Amino acid sequence: MTSDTTEPITTDAEGDGPDGGHTRRTFLGYVMAGTTLVVGADFAFRPQTAEAAVPSVPQIPELYDLEDLQTQAALPTSTLIKIEIGEDGKARFEMPRAEVGQGITTAAAMIIADELDMPLDQVEVSLAPARPELLFNQLTGGSNTMNSMFTPIRVAAATARGALLEAASIILGRQVSDLTVKGGVITGFAGEVLTFAQLSKEAASSTDQEVEVTVKDEKDLTIVGTPQNRIDALEAVTGRKQFTTDLDIPDALPTMLCRAPQMNGTPVKLNNTAAISSMPGVEDIAVVDTGVAVRARTFGQCIDAIRAMDVTWKDGPVAGESDQTIMDKLKSAELPMVVPKVPLLAKTFDMKFEFMFRSSAALEPNCAVADVRGKKATVWAGLKSPIVAQKDIADALGLAQNNVTVNVMTSGGSFGHKLFNDGALEAAKVSQAMGKPVKLMWHRVDEPRQGRLHPACTSRVRATTLLGQVLTFEQRHTSVETDFSHGLGERLTSMAAELPAGLGNLPFSQSIFLLTQELPYNYGVVTQLLNEVDTRFNTGSMRNIYSPDVACANELMTDRLAKELRKDPYDFRMSTLKSKKAKAALKKVAEVGNWGRTMEPGTAQGIAIHSEYKGATAVLVEIDTRPETVNRPIREGVTGPRVTKVVIAVDVGLVVNPRGLEAQMMGGVADGIALVLTSSNHLEDGAFLEGSWDNYFYTRQWNTPPEFECIVMPSNGNVPGGAGEAGVPATVAATACAYARATGTVPTRFPINHDTLSFEPKSFIPSVPESPTNSLDFTF
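The structure presented is a predicted model; accordingly, all values stated were derived computationally and were not measured. (Residues numbered from 1 in each chain as written. Predicted model: local features only at pLDDT ≥ 70, side-chain atom pairs only at ≥ 80, totals over all residues. Heavy atoms only, no water.)

## Some details on the sheet that holds strand S9 (residues 193-195)
Line of reasoning, step 1. The three strands are arranged S7-S8-S9 in an open sheet whose pairing can be described as antiparallel. Strand pairing shows two members of the sheet lacking a second neighbour, strand S7 (180-182) and S9, which therefore form its edges. Between one strand and the next, the sheet's axes are offset by a mean angle of 25 degrees, whatever the strand orientation.
Line of reasoning, step 2. Looking at chain direction, S7 and strand S8 (residues 185-187) are connected through three bridges and run antiparallel. The residue of S8 that forms the bridge with Thr-180 is Thr-187. (Pairing = 2+ DSSP bridges. Helix = DSSP H or I, 4+ residues; strand = E, 2+ residues; numbered from the N terminus. Axes fitted to C-alpha atoms, helices over the stretch in contact; angles between N-to-C directions.)

This is the structure we're talking about:
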């Protein structure tokens, strides 16, 4: 049995829809033709289009934001989302999104189990391969998965439940109203019992049928909203969970690349091909546009071959560039401030900030398995935009898109990295060049040097005040260009007619900036503008795109305004915040975190708020910048100031899995701390110096806060909001504010330790270090 979902029908407050009878919980579903029950959903609903003109107050994201755009773009193909009830009674669902550790497969299983009234362990959620017919409904990003998938999954599950009940009523000779469903079993009023397994074939249909279904009232959901462990947790911790490099594809041998010493340099010639070919384990060598590939019996033999290669390289496009030259270019491209006319006695405050390049590498390096032979290609990889990957691979190989199969694997993290198909495309090219299957893996050194980066940028803020009020607030954000070629740009193009007036004619980056950036305060006339320059770098939408840097600048200015107006930072924020949701979150962290308590010299609290995706996140941080903390010895580690306490309160609408949300916030806090204190890439003579995690200083165990508390705020939302990125911006901002209060100096370049190089760079030729043989010496 399979079920489908349809677009919800809009209703007014009393529940009377435009068609005269559908309620907010009533939808159209489809029982699809098949031997077992297969259902789907249909959405005749069209969400309200954006306002006809770009408003100045409120800001654009308060009316129509990136979340709205992504959900609206996905609706037309929601009918293609299906749930199948098998002969074993299990519900199976192919998720058209990527699981990268955020827990969406668990959330989807919870929704299905709740709507079908069946045990959670009887729901199996897998990842759908690239399905071009889904159009814009197979892209994972922008914290949008639960928002766009919640209702379609519920409707498909409700359709399946209805079909099972109809089949049971026929078999038992009872009215549907006389039947109850619990634990995957349908029971008649006289005690007759039929399992989903027994009904799967009986509920199947030989033709597609349109049916009307009603999903449960939110108050009747018993699984959604309860803390649940990940359904794949046991497999993950026992090593049984399969990631890309765990796959055993026949003859797909380990493959790696020797890469240029400069970013995006290209190979001219391998000068010692014969010598490399004769090395132990080496099977094949191929020169491709990104480097010299070697296929061997083991990855260790690949590394040995790479280290022995003598390659002539062509310089990359940023040869000779450094941190300083890029910052100079950004500053020369900054848009002017244009303060509106204000009273003569108004005071003006200016602040300028610099944010360096940062790596978006995940714990799992770029990897893919590819088998390209003849006119067919099959690829396995962790991909958040598999349809784009399928097209890019087809174009690069000269194949028809329908001859390229792209299988989506669970990824060990993403942070925007897996929106791009760099590893999958490279594996396909290498496989084609060698004529054999390959299991390609990037070396960890490759990631920060040749992989995707969060763009370097500057952010300038100017505010004016008079008589204790903020009259104007301007922000000019200038950035190395962010690459949106992963499919989000195409979504924008397709929805151009629906966007607020003027946005459809802007470049992708500016449209996305205006759809995401929302200043949560009543600061009079507000303008936030973006200018992006320099397309030469490999950039990406690292967790939350522009928001961490933008929020950091805004909240530091907010602290300064509070100081200038002689107000407590918390009280000032509460007096100027627009939304009740933001005020409630901020009030909660202040209460739980004991805001304003007496702190030792060199330690301080910081507090910040961020609004995005219709939600609000507040963070209170305590930091220790005393010399004994900053200079504490950690073997092979970088220390510096330590965040000792974090309290985070988050309101993201209806929460499917509170435990999963808490995990997301914990990860977001770790990201935020790193972006302020320790993690960045250093550019020198066209090359990034960082190579692997031992000198890219993400938040380590010795820098994590000993005290952490996450509060999930009660919400009146009836659908989930965006949660995947919500914890990052407010944590960045609160940490920066705490540091400024503890030291008495407002930081202007992030991370604060960027100007100190705390490691000796690994070699660029050879491009990878020697395989370690003394790993046990570094255990604690």
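## Here's the deal with the packing of helix H3 (residues 104-116) against helix H4 (residues 145-172)
Line of reasoning, step 1. Direction vectors running N to C along H3 and H4 enclose 35 degrees, while the axes themselves pass 8 Å from each other. The chirality of how H3 crosses H4 is right-handed. Across from Ile-104, Ala-107, Ala-108, Ile-111, Ile-112, Glu-115 and Leu-116 in H3, the residues of H4 making contact are Thr-145, Met-146, Phe-150, Ile-153, Arg-154, Ala-157, Ala-158, Ala-160, Arg-161 and Leu-164.
Line of reasoning, step 2. For the contact of H3 with H4, the residue count by class is 13 nonpolar, one polar and three charged. (Left-handed = near helix turned anticlockwise from the far one by under 90°. Contact = heavy atoms within 4.5 Å. Nonpolar A, V, L, I, M, F, W, Y, C, P; charged D, E, K, R; others polar.)

## Some thoughts on the sheet that holds strand S24 (residues 469-480)
Line of reasoning, step 1. Strand order in this open sheet of five strands is S25-S24-S23-S16-S32, and the pairing throughout is mixed. This sheet does not close on itself; its edge strands, each paired only once, are strand S25 (525-533) and strand S32 (749-750).
Line of reasoning, step 2. By the bridge criterion, nine bridges tie S24 to S25 in an arrangement that is parallel. Opposite Phe-473, over in S25, you have Val-526 as the bridge partner.
Line of reasoning, step 3. Along the sheet, helix H9 (residues 323-332) contacts strand S16 (347-355), strand S23 (457-466), S24, S25 and S32; its crossing angle with S23, the most-contacted strand, is approximately 45 degrees.

## Considering the packing of aromatic side chains
Line of reasoning, step 1. Counted under the stated rule, the structure contains eleven aromatic pairs.
Line of reasoning, step 2. Note on Phe-357 and Phe-537: the rings are 4.7 Å apart at their centroids and 40 degrees apart in plane angle, and the pair reads as tilted. Of this pair, Phe-357 sits in the loop between S16 and strand S17 (358-359) while Phe-537 sits in the loop between S25 and helix H15 (547-564), placing them 180 residues apart in sequence. Each of the two residues, Phe-357 as well as Phe-537, counts as buried.
Line of reasoning, step 3. For Arg-259, the ring lying beneath its charged end belongs to Trp-442, and the centroid distance is 4.2 Å. (Phe/Tyr/Trp six-rings, centres within 6.5 Å; stacked < 30°, edge-to-face > 60°. Buried < 20%, exposed > 50% of the residue type's maximum accessible area, 1.4 Å probe, protein only. Lys NZ or Arg CZ within 6 Å of the ring centre and 35° of its normal.)

Purely spatial values, then, with no claim about function.
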